[in-house]
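Each chain is listed here by its residues.
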Amino acid sequence: MNDRIPGFGTLAVHAGAQPDPTTGARATPIYQTTSFVFNDADHAASLFGLQSFGNIYTRITNPTTAVLEERVAALEGGTAALAVASGHAAQLVAFQQLLQPGDEFIASRKLYGGSINQFSHAFRSFGWNVVWADPDDIPSFERAVTNKTKAIFIESIANPAGSITDIEAVAAVARKAGVPLIVDNTLATPYLIKPIDHGADIVVHSLTKFLGGHGNSLGGIIVDAGTFDWSKDGKYPVLSEPRPEYHGIKLQETFGNFAFAIACRVLGLRDLGPALSPFNAFLIQTGIETLPLRMQRHSDNAKAVAEWLSAHPKVAAVNYSGLSDNRYHALARKYAPKGAGAVFTFSLKGGYDAGVNLVSNLKLFSHLANVGDTRSLVIHPASTTHSQLDDEAKTRSGAGPDVVRLSVGIEDKEDLIADLEQALNA
Amino acid sequence: MNHDSYNDAYIREILNTVKTVAMVGASPQNVRPSYFVFKYLAERGYDMIPINPGQVGKSLLNKPFVASLQEIGRPIDMVDIFRSAEHVMSIVDIILTLNPLPKVAWMQLGVRHDEAAARLEAAGIKVVMNRCPKIEYGRLSSEIQWMGVNSRTLSSKRAPIPTQGMRLSLNRSSVGGGSTAAADRVAQQNNKDKNDTA
Ligand SMILES: Cc1ncc(COP(=O)(O)O)c(C=O)c1O
């Protein structure tokens, strides 16, 4: 009776895309248009009233971007997705559907530095109050729950230190508290970890990283797992109560298990405005076609480089959960059995100066503030991505002054190791 | 039959074969889900009949409201039940008096009544519960993809250009059935919780 379930590689190539009905074009065309004509006044009214499926204006929907959305939803095992202009925009739009001024959310302390900034400053200015918890101490999440808590936010693999979060343990806390678990799955991608399988209710990504994968386009996405009941206790009025801007529609009642994604689109993206360019959507979905191949290669290369570094006399420590002596290795084997990703940190015995020297002597690794490019990348987080945090917060998020972060690319691993060797010896 | 999840072939067969659909609880208010579904199915070529005793004498999108299923006066293929679970049994009582019986009874998103389903199935009527025919039609044709929804279907064929009033092809290949593994898990859990407290 059961329908066949295609594998991840098949979905990465096909999900969401189909030959263009008008021209037969097999690659998804770039619908680089702001607007779409209506058939007649009635058609226009039903589109504006959310009664029909179709396109009005690229800030809300676009056929190129829709392919990207369905593809990522399919790869994550979600019911629907909304693509936006950046990973940060995804977080903004997702939280805006959940929090009212004065509400709280709990976030892991081990996050991308930019997310720590966004939560501490921009979100606080909206009256959305972050309460930090320690992913290495799950009861700290439980202790942080109050009657104002509206969501819990973690990274599956945390940037920059590559540590693995026990998603199922945090999901159990979220379930008990009656709030959704949001997982930033940027560094893992659904190829390595599928947070929805472990209890996530919402997944967000910076598409800028491994999903796009080629370092050429910013983007972000929100995936609705379809698992959360927004109407059960009145805590999420945006989803459960009549919406005045749509003449009294109730979103969960109307859209069922993809209501959160619809809220993000027809309220969040419509009103806040961070739409993704269709051209970026095209580049990112082309990148995703090779995600399984790239991600495996990224992870295999990272493991080889991490092993080589751990044996090097000038290296003090390597933090890669793919190494068997790492404190996160058991979690890595449980959540990311195919590989522990491509981003990790290490520290040099020579401290801060040795880190700065290494970065300037590398010839193949590029010194820049990004991860998840085909090219290998290196950065000194303490003086860049995490520079706005105080020293204690830097160390807590895994970006102490002696730490260097790598994002290992898909080049030949022998060449990457040779580059690191010459730079360490220079 | 298991009503926690449906495979696509079951839903596709229903949507491809029914023509006349009576909607019990059709609302004339254009922000109610029943209005959305009525309008969409009418645009896709289904012969829609609105049932609502409080609206008799008025029309919904040019179709006159009928007071009850028994007053339609011609055979219907499917009853789309837009009423909450506590009203389902009395509607089933009426459905089972119809001659000929409809082929399908469809209960909307959020509506599930296993006892009612068992009675309908014993009379040879196919049952769908806790699903929306608009969402399922949009999903199987992939039209719903415009909204970023995971259609859970794939196709390498060129689709016909959708025009108003056109039936879309629902014959794309399925990705493991209509609902995701996570959605199935939640449905099973909810139903278990309900039975445990009952
Ligand atoms: C884990 C993680 N989340 C979110 C972001 C923010 O994404 P974007 O730069 O696309 O806004 C980043 C960017 O570095 C990241 O690494």
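All residue numbers refer to positions counted from 1 along the written sequence of the respective chain. Written order decides the labels, with chains lettered from A and ligands numbered from 1. Local features in a predicted model are, by the rule used here, given only for residues with pLDDT of at least 70; side-chain atom pairs are given and counted only at 80 or more, and totals for whole chains, interfaces and linings are based on all residues. Only hydrogens and water are removed before side-chain values are computed, so all heavy atoms of the structure are retained for them.

## Some points on the environment of A:Asp419
Residues and elements named next belong to chain A.
And then number 1: With respect to the secondary-structure elements, aspartate 419 resides in helix α17 (residues 413-425).
And then number 2: Between buried and exposed lies partly exposed: a residue is buried under 20% and exposed over 50% of the maximum accessible area for its type, with that area taken using a 1.4 Å probe on protein chains only. For aspartate 419, a relative accessible area of 5% translates into the label buried.
And then number 3: Each C-alpha atom of the pair aspartate 419 and asparagine 361 lies 8.8 Å from the other, and the pair is 58 residues apart in sequence.
And then number 4: Setting aside residues up to four positions removed in sequence, aspartate 419 forms contacts with Leu362, Lys363, Leu364 and Phe365. A helix here means a DSSP run of H or I that spans at least four residues, while a strand means a run of E at least two residues long, and both kinds are numbered starting from the N terminus. The contact criterion used throughout is that any non-hydrogen atoms of two residues lie within 4.5 Å.

## Points about the site of the ligand
All names here are of chain A.
And then number 1: Note on terminology: near, applied to a residue and a molecule or strand, indicates that one of the residue's heavy atoms is within 4 Å of it. Taken together, 13 residues form the shell around the ligand, and within it Gly87, Asp184, Ser206, Thr208 and Lys209 come nearest.
And then number 2: Two N or O atoms form a polar contact when they lie within 3.5 Å of each other; inside protein one atom must be a possible hydrogen donor and the other a possible acceptor, and for residues adjacent in sequence the pair counts only when both atoms belong to side chains. The separation between an oxygen atom of the ligand and a polar side-chain atom of serine 206 is 2.8 Å.
And then number 3: In the model, an oxygen atom of the ligand is placed 2.7 Å from a nitrogen or oxygen of the threonine 208 side chain.
And then number 4: All accessibility values rest on the Shrake-Rupley procedure with a 1.4 Å probe; residue burial counts only the protein chains present in the view. About the coverage of the ligand: the protein hides 92% of its 390 Å² of free accessible area.
And then number 5: It is helix α4 (residues 87-98) that contributes the most residues to the shell around the ligand, three residues altogether.
And then number 6: When grouped by side-chain class, the residues that make up the shell around the ligand number one nonpolar, nine polar and three charged. Polarity classes work like this: nonpolar for Ala, Val, Leu, Ile, Met, Phe, Trp, Tyr, Cys and Pro, charged for Asp, Glu, Lys and Arg, and polar for all others, with Gly in that last group.

## As for the side chain of A:Thr58
Residue and element names in this part refer to chain A.
And then number 1: Structurally, threonine 58 can be placed in the loop between α2 (41-48) and α3 (63-76).
And then number 2: In terms of polar contacts, threonine 58 uses its side chain to reach the side chain of asparagine 62, at 3.0 Å.
And then number 3: In this structure threonine 58 touches Thr33, Thr34, Phe36, Ala275 and Pro278, once residues within four positions along its chain are discounted.

## Some details on the sheet that holds strand β12 (residues 366-367) of chain A
Residue and element names in this part refer to chain A.
And then number 1: Strand pairing requires that DSSP identify at least two bridges connecting the strands. The strand order across the open sheet formed by five strands is β10-β11-β14-β13-β12, and the pairing between neighbours is mixed. The sheet is open, and its two edges are formed by β10 (315-319) and β12, each paired on a single side.
And then number 2: Pairing between β10 and strand β11 (residues 343-348): four bridges, direction antiparallel. Residue pairing in the sheet places valine 318 in a bridge with phenylalanine 346 of β11.
And then number 3: Where helix α13 (residues 291-310) meets the sheet, it contacts β10, β11 and β14 (403-407), and its direction lies at approximately 10° from that of β11.
And then number 4: Lines fitted to the C-alpha atoms define the axes, with helices restricted to the stretch that makes contact. Angles between their N-to-C directions range from 0 to 180 degrees. Along the sheet, helix α15 (residues 351-361) makes contact with β11, β12, β13 (377-379) and β14, crossing β11 at roughly 125°.

## Things to note about the packing of aromatic side chains
Two aromatic rings are characterised by how far apart their centres lie and by the angle between their planes.
All names here are of chain A.
And then number 1: The criterion for an aromatic pair is that two Phe, Tyr or Trp rings (for Trp, the six-membered ring) have centres within 6.5 Å, with stacked assigned to planes under 30 degrees apart, edge-to-face to planes over 60 apart and tilted to the rest. Going through the model one piece at a time under the given rule, you end up with 24 aromatic pairs over all chains.
And then number 2: Centroid distance tryptophan 230 to tyrosine 236: 5.2 Å. Interplanar angle 85°. Geometry classified as edge-to-face.
And then number 3: The exposure class assigned to tryptophan 230 is buried, which follows from its relative accessible area of 3%.
And then number 4: Put simply, a charge is over a ring when the Lys NZ or the Arg CZ is close to the ring centre, within 6 Å, and near the line of the ring normal, within 35 degrees. Sitting over the face of the ring of tyrosine 191, lysine 338 holds its NZ or CZ atom 4.5 Å from the ring centroid.

## Describing the pairing of strand β7 (residues 220-224) of chain A
Residues and elements named next belong to chain A.
And then number 1: Within β7, five of the five residues are buried, which leaves it mostly tucked inside the rest of the structure.
And then number 2: Side chains Gly220, Ile222 and Asp224 of β7 all project onto a buried face; the interleaved residues Ile221 and Val223 project onto the opposite face, where all are buried too.
And then number 3: Where strand β1 (residues 80-84) lies against β7, five bridges are found, and the strand directions are antiparallel. Among the inter-strand pairings, alanine 83 is bridged to a residue of β7, identified as isoleucine 221.
And then number 4: With five bridges joining them, strand β6 (residues 202-206) and β7 adopt antiparallel strand pairing. Following the sheet pairing, serine 206 is matched in β7 by glycine 220.

## Details of the pattern of salt bridges
And then number 1: Whenever a carboxyl oxygen of Asp or Glu lies within 4 Å of a side-chain nitrogen of Lys or Arg, that contact is scored as a salt bridge. Evaluation of the coordinates by the stated rule reveals 25 salt bridges over all chains.
And then number 2: Across the pair B:Asp93 and B:Arg119 runs a salt bridge whose closest N-O atoms are separated by 2.9 Å. Of this pair, B:Asp93 sits in helix α3 (residues 88-95) while B:Arg119 sits in helix α4 (residues 114-122), and the two are 26 residues apart along the sequence.
And then number 3: For B:Asp114, the salt bridge identified is with B:Arg112, shortest N-O distance 2.9 Å.
And then number 4: Accessibility expressed as a relative area gives 35% for B:Asp114, which makes it partly exposed.
And then number 5: Several salt bridges share partner residues, and in doing so they unite A:Lys110, A:Asp136 and A:Arg327 into one network.

## Concerning the nonpolar core
And then number 1: Residue types Ala, Val, Leu, Ile, Met, Phe, Trp, Tyr and Cys, when buried and joined through side-chain atoms within 4.5 Å, form a set referred to as a nonpolar core. If you look at the biggest cluster of nonpolar residues, it comprises 190 residues, and the most contacted ones within it are A:Phe344 and B:Leu69.
And then number 2: Tallying contributions element by element places helix α11 (residues 259-272) of chain A first for this core, with nine residues.
And then number 3: Domain delimitation follows an automatic or database domain assignment. For this core, the domains that each give at least three residues are domain 1 (34-287) and domain 2 (291-425) of chain A.

## A look at the environment of A:Ala44
And then number 1: Along the chain, A:Ala44 falls in helix α2.
And then number 2: Each C-alpha atom, one on A:Ala44 and one on A:Asp224, is 27 Å from the other, the two residues being 180 residues apart in sequence.

## Thoughts on the interface of chain A and chain B
And then number 1: Counting residues at the interface gives 60 residues for chain A, matched by 47 residues for chain B.
And then number 2: Accessible area, probed at 1.4 Å, shrinks when two parts are joined; the buried area is that loss added up over both. For the chain A and chain B pair, buried surface summed over both sides reaches about 4,200 Å², with 56% attributable to carbon and sulfur atoms.
And then number 3: There are two salt bridges connecting chain A and chain B.
And then number 4: Of the charged contacts, one joins B:Arg32 and A:Glu253 as a salt bridge, the two residues approaching to 3.0 Å between their closest N and O atoms.
And then number 5: On inspection of chain A and its partner chain B, the count reaches 19 residue pairs in polar contact (both at pLDDT 80 or more).
And then number 6: If you list the elements that add at least two residues to the side of chain A that touches chain B, you get α1 (8-14), α2, α3, β1, α10 (251-255) and α11 of chain A.
And then number 7: For the side of chain A that touches chain B, the element with the most residues is α3(A), which contributes seven residues.
And then number 8: Residue composition of the side of chain A that touches chain B, by class: 24 nonpolar, 25 polar and eleven charged.

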